Amino acid sequence: MMTFAPIFSLMALCVGFIALPLVAWVRFLRPYARFLVPVAVGFSLLGVVATRFAPSWSMIFSRWHPSVFFNAVMLLEDSPVTWPLLLAFSVAMMSSALIQLGRLAPSHILVGLATLGMMAAVLGSLWGSNLLVVLMCWGSFDLFWSLGMLAVGASTRRVALAGGVFVLSTTALLTGALVTRTVGGSISWALIQPGELERNLLVVAAVLRLAFYPLHLTVPVGVSKSAPAAMPLYLGPVLGWGLLLRLVVSAGVSLDDLAWVQSIGMASLIAGGLLAWTRAARSEVLPWIALASSGATLWASAVAGERAALVLAGGSVAWLLGMTLVSLARGWERAAPWWSIGPVVGGLALIGSLLTPGVLVGLTVAGRVVEPFDLRQAFLFFLGESLLVAGTARRVLVPIERQERGTPLAIAARAAGLALPTVLLLWFGLYPAALSPAFADISLGHVLEQTLPAGWAVWLLGFALGVPLFLLEGRLRKRIEPGLGLLFDLVALDWVLYTLLGGLGRVADFLREVAELVEGAGAVLWAFAIFLLLALAFLGI
């Protein structure tokens, strides 16, 4: 009975994965194919919720035990540390499936298969008892993520670049797992003891998964038009957040000791906010909002000290649910503004506002830059927060005409899809102790009291500048649009990446020509020359 909930959760996804192509193939069942993904994800969500109330459990998923990993088996176990992430991710997938159900045009079957496969891989990774399970789930996620990206029409070059970053991330995790010191020859989270090298390798693996600047190649640019079906493609960083939480809580890794982590967080906040504000098309700013918000969370966790686990949990949950609501938003419907409540709450979570768990991020960084006061860091946070506020407002508050009402099923599905993450965000925001039993003594009042007035002032100044940046956008953008476009291209670094790829391609072409010359037309000449040299060396001439 202990393992019924996780088995039920994973089996629901597997059954949906197998049944989806079969139902889509049979003509008279084809109209019902659109219901399979939300039903499978819904049952899986119920299993995730049930694990929170079940006794502690563990389950051997496979008895395969490679000797290189100290004969570790693929074991899943109850994890209070990652349960908030599990719940937030499952709710995000449910919201995407529900809102897609209300759309007239069904999503591509490959997108549905990718959604179910990615969800199973994420659940396995966050439930994984050791690094072997995490590695196998990361590889599975990469496969389904690439399938989903290609199905929604993403650039093959972008998918290939992201695949390269995924391989680097998995390689860093594999290397760190192989060299990590263990207790009793086990790579279980409770028994690993990473040294300085292993700690850096594992954190690098997580940072690469989080797509931080300047290695933001896994950001799914250009797929926002396919939302809500493509929304899960934005949530790949949940694997990185899960790994960081495990390292901080279970393996005792302190992010304060890694100065480069804080620097990457700063750079991602500012670069992401700048890209979100300078991007001309409002519908294409979502990837850069995600980059800036995740950068703020990493920065906060690197300076939070003993509260790093709480900040990581709150910030990652706020990021997941906030991204879900913002990506599913159509815009500000003037005739029906109640549909915009959820996206507005999601935007507030991404900028680290009150009433959401994102406040743990905003107040942590603001409090750190004023005690002791650091002018450079205070200015960087003020600038990054302002750009993030303006960029998020551009995405959430874009005015649109009211859409058609649709069928009662479509309206109910949309309402439920927006309500679920909104309620969960407010719950975690008002009761931070719900993030984990380890934070049972933490309350919202306690968090607010620990922030100095100067920290509040820095955060409010950043928010106060972001609002006029958004309100005056129409006037400013017309005058400086060419400059903004140039600034976007410079900061996005696509030109650098494609130049490097072009250079590597030319080197490969040169080596190919040399190989053809040596092995083709010049083969006889080169063979005779090598024979002559060997003969001269043998004769001693």
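Rules used throughout
- Residues numbered from 1 in each chain as written.
- Predicted model: local features only at pLDDT ≥ 70, side-chain atom pairs only at ≥ 80, totals over all residues.
- Heavy atoms only, no water.
- Helix = DSSP H or I, 4+ residues; strand = E, 2+ residues; numbered from the N terminus.
- Polar contact = N/O pair within 3.5 Å; in protein donor to acceptor, adjacent residues only side chain to side chain.
- Contact = heavy atoms within 4.5 Å.
- Core = buried A, V, L, I, M, F, W, Y, C linked by side-chain atoms within 4.5 Å.
- Buried < 20%, exposed > 50% of the residue type's maximum accessible area, 1.4 Å probe, protein only.
- Phe/Tyr/Trp six-rings, centres within 6.5 Å; stacked < 30°, edge-to-face > 60°.
- Lys NZ or Arg CZ within 6 Å of the ring centre and 35° of its normal.
- Salt bridge = Lys/Arg side-chain N within 4 Å of Asp/Glu carboxyl O.
- Expected span 1.5 Å × (residues − 1).

> So what exactly am I meant to see when it comes to the side chain of R246 here?
Tracing the chain through its elements places R246 in helix α8 (residues 238-249). Within the structure, the side chain of R246 is placed 3.2 Å from the backbone oxygen of L126, a separation counted as a polar contact. When residues no more than four places from it in sequence are discounted, the contact partners of R246 are S79, T82, L126, W127, G128, W189 and A251.

> Sorry if this is basic, but what is going on with the nonpolar core here?
Most often, soluble globular proteins keep nonpolar side chains buried together rather than apart. Ranked by internal contacts, the top residues of the largest apolar core, which has 159 residues, are L173, V203, L235, L244 and W299. Broken down by element, this core gets its largest block of residues, 14 residues, from helix α11 (residues 308-327). Beyond its immediate stretch of four places on either side in the chain, W299 contacts Q262, G265, M266, L269, V365, V369, Q377, L380 and F381. L161, L208, L217 and L497 belong to the second-largest nonpolar core, a separate cluster that totals 5 residues.

> In this structure, what is going on with the packing of aromatic side chains? I would like to understand it.
The relative placement of two aromatic rings is captured by the distance of their centres and the angle of their planes. Scanning the model with the defined rule gives 6 aromatic pairs in all. Look at W427 and F428: their rings are 4.9 Å apart centre to centre, the planes differ by 25°, and that puts the pair in the stacked class. On the basis of relative accessible area, F428 is assigned to the buried category, the value being 0%. Positioned over the ring face of W83 is R52, at 5.1 Å from the centre of the ring. Over the face of the ring belonging to W339 we find R414, whose NZ or CZ atom lies 4.2 Å from the ring centre.

> When you look at the pattern of salt bridges in this model, what are you seeing that I'm missing?
If charged atoms from side chains of opposite charge come close, those side chains can pair. Applying the stated criterion across every chain, the model contains 2 salt bridges. Two residues, R209 and D142, come together in a salt bridge whose shortest N-O distance is 2.7 Å. Residue R209 is located in helix α7 (residues 196-209), and its partner D142 is located in helix α5 (residues 131-151); the two are separated by 67 residues in the primary sequence. Both residues of the pair, R209 and D142, count as buried. In this structure, R279 engages E284 in a salt bridge whose closest nitrogen and oxygen atoms are separated by 2.5 Å.

> Please explain α11 as it appears in this structure.
It helps to recall that an α-helix has 3.6 residues per turn; residues three or four apart then point in one direction. The end-to-end C-alpha distance of α11, which contains 20 residues, comes to 27 Å, matching closely the 28 Å that a straight helix rising 1.5 Å per residue would cover. Burial analysis of α11 places 20 of its 20 residues in the buried class, which makes it a mostly covered element.

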